[in-house]
Structures are given as C-alpha cells and as structure tokens.
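An overview of the molecular structure
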Amino acid sequence: MRFWLLKSEPDVFGFADLVRAGREPWNGVRNYQARNFLREMREGDLCLFYHSNAKPAGVAGVARVCRAAYADDLQFDPGSRYFDPKSTVEAPRWSMVDVEPLIAFPQVVSLETLREMPEWDGSALTRRGSRLSVLPVEAGAFWATLDAAGLGLDEVGGLG
C-alpha cells in the first residue's frame, strides 16, 4: 500500500462533497508529473485529502483509491475545459482514479502544522511554490498527520 495527497479547492470539490458522492473519479489533472503519480496508484492506496486555496489550507480527511488509473473521460469531451484534441482513445494522454471517503478529520490539519512536523521535512507539499495536485506521501508523514488530527488506530480501524 502506498500513500498519496490529493489537492482540491473546497469550494470546487471538498471532502464533504466526496462524502456526499460516496465515490468519485479524480479527473481533470493536466500536469504530466501529477498524471504519472495517478498512474502509479493502486486500489487500496490511501490518500490525504487536502483543501488548497482555503483558510486554513490543509488536510481535511482520508480517502481510498477504489479503482486504479484509467483513461480520463474528460479529455475526449469537446464541451469540457479538460478536453485535449491531441488525445485519442487508442493513446489517451490523461488518466484518473476513483476515490472513496474513509475518514473526515474533526478539523483541518493546517499546512502550517504540517510544516512544523519533522515527518513532512523535504516534502513537495511543504516547500513554497509547490503546485502539483497529486503527490506521493511517506508513510511516516501519513500516520503523523492522522495523529495530528487526533485520530488513532481505533478511529481509523484496519487502515494500517
């Protein structure tokens, strides 16, 4: 099992929206490095759901990958802002995964809190100017974030 961080603006699609949906494709990613990370994801991998461009910005919950990478359907839709006319069904450029919510944090674990945690040292997330919407996360940083949210193994049952 691997750990990831998925960024979304809460006014566009927040963790509460994922909870309401129950399962959602993580589509519309148009950065090649982030796309490559999506392609590395496997069913069962765990994701920290990060609210960006929010006050405070930070981790709002945990989601699980429930379908590994497949072709992002928005790349083929001429009405979508994510349409890519150079992408074909035979050779799609863009991928997505499906995710489902697992745990909503009692309160957001802020970026400032993450920056103070030694487990996040060197992470792309805590460096200024990081723009990727999909990032790998070290196991220690994942579990330290759950601890910072006040969640122990009892609350997250069976994740570890």
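To keep things clear, this report deals only with the structure shown in the data block. Fair warning: this is a prediction, and the values are worked out from it, not measured in the lab. (Residues numbered from 1 in each chain as written. Predicted model: local features only at pLDDT ≥ 70, side-chain atom pairs only at ≥ 80, totals over all residues. Heavy atoms only, no water.)

1. Details of the environment of R127
Inspection of the secondary structure puts R127 in the loop between α4 (111–116) and β6 (134–137). What makes R127 partly exposed here is its relative accessible area of 48%. Spatially, the C-alpha atoms of R127 and A68 are 28 Å apart, while their sequence positions differ by 59 residues. Not counting residues within four places of it along the chain, the set of residues in contact with R127 comprises R115 and G122. (Helix = DSSP H or I, 4+ residues; strand = E, 2+ residues; numbered from the N terminus. Buried < 20%, exposed > 50% of the residue type's maximum accessible area, 1.4 Å probe, protein only. Contact = heavy atoms within 4.5 Å.)

2. Focus: helix α5 (residues 139–148)
Regarding α5, the residues found buried are A141, F142, A144, T145 and L146. In the segment just after α5, G150 is the residue with positive phi, at about 85°.

3. Digging into the nonpolar core
Counting 44 residues, the largest nonpolar core has L5, W26, M41, L48, F105, W120 and V134 as its most contacted members. Setting aside its immediate chain neighbours within four residues, L48 contacts W4, L5, L6, V59, G61, V62, F105, W120, V137, F142, T145 and L146. (Core = buried A, V, L, I, M, F, W, Y, C linked by side-chain atoms within 4.5 Å.)

By themselves, these are just geometric observations and shouldn't be taken as functional.
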